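So the chains spell out like this:
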Amino acid sequence: MATIQDESSVNSTFGQRRFLLGAISTLAVGVLAGAGAKLLAGGSSGAFNANSINTGDTAWVLAASALVMIMTPAVGFFYGGMVRSKNVVSVIKQSLVILALISIQWTLFGYSLAFGKDIGGGMLGGLGFFGLSGVGYAPNPDYAPTVPHLAYMIFQAMFAIITPALIIGAFVERIRFRTLVVFVLLWATLVYDPIAHWVWNPAGWLHKLGALDFAGGTVVHASSGFAALAAAIVVGKRVGFKKGEATEANNVPLTILGAALLWFGWFGFNAGSALAASPLAVSAFVVTNTAAAAAALTWMALSWIQNGRPSALATATGAVCGLVAITPASGFVGPLSSIAIGVIGGLVTYLMLLLRNKRTQIDDTLDVWAAHGMGGLTGALLTGVFAEKVINSAGANGLLFGNPGQLLTQIIAVVVTAAYSFGVTFLLLKLLSFMGLRVTSREEAVGLDIAAHGEEGYRILPREEMPEPDVPLLEEGSIVYSNSQND
């Protein structure tokens, strides 16, 4: 008994010291940020001509930014409903943490790497906008000439945030949380920021090549989807994958709610990319809704044909796939073209899901590659087919309107983006393997809600009425309660 008490005392002392060290480190970060505020005082305001700012455009861009922001927790709901009940909290928490983490990364240096002055032949931006120095009230004519530069920055921040959040669907239920945090920070810096620079910075090499990506088919969806494929391969399969262990969705209504919020937020994603309260924003809004509807019906019909019943989960997933497919084309195509993109994109993503599931042993848990990778790729290619210059004079005509060269440009853009994202993600996760990519098999069996976070998504019985646990947590003094009746 004395030995147990001694060990408990040592653990308590160690915990107190660790907390004290953490508090001191946190204070140091705050002091450092304060010193930086003094050095960069006024860097995010600056002189401006009020007549150059359109208040309606500014209001729309800020509203669109808020719409896109809500999409990241919506991804958590969408994914959270599809995992097993013992992992629902972990998935939603991961989305929220990514929202916080990339918000800071983008403010400090991410925006500068993507949209700062080019320093490498169209490959990367410099650090001229570090800490948002020089990103102020005055519009930047290279990006959005009628709204403050800060408004454009925060709009783009929401794209940078949601992109790594999409990847987590590939390795949910088994990723180690601390490794995830480091991976997301490095991935955003090494993959997302350069690709955003290539496509959306006027000096970016794919931008100069003429690649069309109105709202992120390549930058957001192809990059995250092919990163997810690499991540699923490197992290490996879940315990019991394709061995009879039940993996049904724990909460279909939660997934439908997530899909509905994504559909809602996507109007900011696509129509907001017009960067003005303009006719182009209206057009993008309309085609976004139309393509989502077409793909939702396509998935519902295909699931009905395949299984004899129209799946609610398939319908919700199809809507998201349609939103992915229309994203790169949303500012360049008309309503009938958006129906074609929704139907074709829905068919391709459904078939790719079946291919991955039936023909491979890759455990991309929530099929991020099929939905986002192949959906984004399909949409980007179809942009090269259906784009009309009459809809957006800043764009180009596609194959169907007399410009076959645009399709070739789109092929180059998606191949380069997919290859770069897949390759860097693969190497990055291999390098991070020293931290441990995944939780232990015992923690995976318990579920990450309890094993990693100590918080349950569902509690069927009061804790005092629960049966004695048979699987202990790895942390000293912790108790595991597994009540995932849907597993």
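Report on the accompanying structure. (Residues numbered from 1 in each chain as written. Predicted model: local features only at pLDDT ≥ 70, side-chain atom pairs only at ≥ 80, totals over all residues. Heavy atoms only, no water.)

Focus on the overall build of the protein
Here's step 1: From N to C terminus, the protein includes 15 helices and 0 strands.
Here's step 2: In terms of C-alpha radius of gyration, the protein reaches 23 Å, essentially the compact-globule figure of 23 Å for 487 residues.
Here's step 3: Viewed in the frame of its principal axes, the protein has a C-alpha envelope of about 80 × 65 × 35 Å.
Here's step 4: Considering only contacts in the protein between residues 6 or more positions apart, those separated by 24 or more positions represent 76%.
Here's step 5: In the form shown here, the protein has an accessible surface area of approximately 20,800 Å², with 68% of it arising from carbon and sulfur atoms.
Here's step 6: Within the protein, one finds 25 positive and 26 negative side-chain charges whose respective centroids are separated by 7 Å. (Helix = DSSP H or I, 4+ residues; strand = E, 2+ residues; numbered from the N terminus. Rg over C-alpha atoms; globule rule 2.2 N^0.38 Å. Contact = heavy atoms within 4.5 Å. Areas by Shrake-Rupley, 256 points an atom, 1.4 Å probe, with all protein chains shown as cover. Lys, Arg positive; Asp, Glu negative; His and termini not counted. Charge placed at Lys NZ, Arg CZ, Asp CG, Glu CD.)

A few points about the packing of helix 3 (residues 88-115) against helix 5 (residues 177-200)
Here's step 1: Close contact between helix 3 and helix 5 brings their axes to 9 Å; oriented N to C, the two are set at 40°. As judged from the angle between their axes, helix 3 and helix 5 are oblique. Both helix 3 and helix 5 take part in a crossing whose hand is right-handed.
Here's step 2: For the contact of helix 3 with helix 5, the per-class residue count stands at 18 nonpolar, 5 polar and 2 charged. (Axes fitted to C-alpha atoms, helices over the stretch in contact; angles between N-to-C directions. Parallel < 35°, antiparallel > 145°, perpendicular 65-115°, else oblique. Left-handed = near helix turned anticlockwise from the far one by under 90°. Nonpolar A, V, L, I, M, F, W, Y, C, P; charged D, E, K, R; others polar.)

Section: the side chain of Asp449
Here's step 1: By the secondary structure assignment, Asp449 is in helix 15 (residues 448-451).
Here's step 2: Buried and without a salt bridge, Asp449 has Lys93 as its closest oppositely charged side chain, separated by 9.7 Å.
Here's step 3: If we ignore the near neighbours within four places in the chain, the residues touching Asp449 are Ser85, Lys86, Asn87, Val88, Val89, Ser90, Gly454, Glu455 and Gly457. (Buried < 20%, exposed > 50% of the residue type's maximum accessible area, 1.4 Å probe, protein only. Salt bridge = Lys/Arg side-chain N within 4 Å of Asp/Glu carboxyl O.)

Some remarks on the pattern of salt bridges
Here's step 1: Tallied over the full model, the rule gives 6 salt bridges.
Here's step 2: Residue Arg238 is joined to Glu173 by a salt bridge in which the shortest nitrogen-to-oxygen separation is 3.1 Å. A residue pair is termed long-range when its members are at least 10 positions apart, and Arg238 in the loop between helix 7 (217-235) and helix 8 (252-271) and Glu173 in the loop between helix 4 (149-167) and helix 5 qualify at 65 residues. Side by side, Arg238 and Glu173 carry an identical accessibility label, which is buried.
Here's step 3: When the shortest N-O distance is used, the salt bridge between Asp363 and Arg174 registers 4.0 Å. Placement of Asp363 in the loop between helix 11 (335-359) and helix 12 (368-386) and of Arg174 in the loop between helix 4 and helix 5 is noted, with a sequence separation of 189 residues between them. With respect to class, Asp363 is no different from Arg174; both count as buried.
Here's step 4: What emerges from the salt-bridge pattern is a single network uniting Arg84, Glu173, Arg174, Arg238 and Asp363.

Considerations on a positive patch on the surface
Here's step 1: Side chains of Lys237, Lys242, Lys243 and Lys358 sit close together on the surface and give a patch of like positive charge.
Here's step 2: On the secondary structure map, Lys237 appears in the loop between helix 7 and helix 8.
Here's step 3: Since its relative accessible area comes to 41%, Lys237 is described here as partly exposed. (Patch = residues over 30% accessible without salt bridge, like charges linked within 9 Å, V, L, I, M, F, W, Y side chains within 5 Å.)

Comments concerning the packing of aromatic side chains
Here's step 1: As enumerated under the stated definition, the model contains 21 aromatic pairs in all.
Here's step 2: Between Tyr111 and Phe115 the ring centres are 5.2 Å apart and the planes differ by 25°, which places this aromatic pair in the stacked class. A residue pair is termed a helical-turn pair when its members lie 3 or 4 positions apart in one helix, as Tyr111 and Phe115 do in helix 3 at 4 residues.
Here's step 3: The exposure class of Tyr111 is buried, given its relative accessible area of 0%.
Here's step 4: Joined through ring pairs, the aromatic side chains of Trp106, Tyr111, Phe115, Phe129, Tyr143, Tyr152 and Tyr192 make up one cluster. (Phe/Tyr/Trp six-rings, centres within 6.5 Å; stacked < 30°, edge-to-face > 60°.)

Some thoughts on unusual backbone geometry
With glycine set apart, most residues show a phi of negative sign, and most peptide bonds adopt trans.
Here's step 1: Positive phi outside glycine occurs at Leu275, with the angle close to 60°.
Here's step 2: One can find Leu275 in the loop between helix 8 and helix 9 (279-307).
Here's step 3: Residues other than glycine seldom take positive phi values, yet Asp367 does so here, at roughly 55°.
Here's step 4: By the secondary structure assignment, Asp367 is in the loop between helix 11 and helix 12.

Section: the environment of Gly272
Here's step 1: Locating Gly272 in the fold gives a position in the loop between helix 8 and helix 9.
Here's step 2: For Gly272, a relative accessible area of 0% corresponds to the buried category.
Here's step 3: In this structure, the C-alpha to C-alpha distance between Gly272 and Val61, residues 211 residues apart in sequence, is 5.9 Å.
Here's step 4: Other than its neighbours up to four places away in sequence, Gly272 contacts Trp60, Ala64, Phe155 and Phe267.

Quick look at the packing of helix 4 against helix 7
Here's step 1: Across the interface, helix 4 lies against helix 7 with an axial gap of 8 Å and an inter-helix angle of 25°. The orientation of helix 4 relative to helix 7 falls into the category roughly parallel. Of the two possible hands of crossing, helix 4 and helix 7 adopt the one that is right-handed. Touching Phe159, Ile162, Thr163, Leu166 and Ile167 of helix 4 are Val219, Val220, His221, Ser223, Ser224, Ala227 and Ala228, all from helix 7.

Comments concerning helix 3
Here's step 1: Look at helix 3: only 35 Å from first C-alpha to last across 28 residues, short of the 40 Å you get at 1.5 Å a residue.
Here's step 2: In helix 3, a bend of some 65° at Trp106 exceeds every other bend along the element. (Expected span 1.5 Å × (residues − 1). Bend = angle between axes of the 7 residues up to and from the residue.)

Quick notes on the nonpolar core
Here's step 1: Tyr79, Trp106, Tyr111, Phe171, Phe183, Tyr192 and Phe269 are the most contacted members of the largest nonpolar core, which totals 105 residues.
Here's step 2: The element best represented in this core is helix 4, accounting for 13 residues.
Here's step 3: Excluding residues within four positions of it along the chain, Trp106 makes contact with Tyr111, Ala114, Phe115, Leu132, Met153, Gln156, Ala157, Ala160, Tyr192 and Asp193.
Here's step 4: Formed by 10 residues, the second largest nonpolar core is a distinct cluster that contains Leu229, Trp369, Met374 and Ala380. (Core = buried A, V, L, I, M, F, W, Y, C linked by side-chain atoms within 4.5 Å.)

Quick notes on a nonpolar patch on the surface
Here's step 1: A contiguous nonpolar patch, built from Leu39, Leu40, Ile104, Leu108, Leu127 and Phe130 and spanning about 600 Å² of accessible area, is present on the exposed surface.
Here's step 2: With respect to the secondary-structure elements, Leu40 resides in the loop between helix 1 (2-39) and helix 2 (55-82).
Here's step 3: You can call Leu40 partly exposed: its relative accessible area is 35%.

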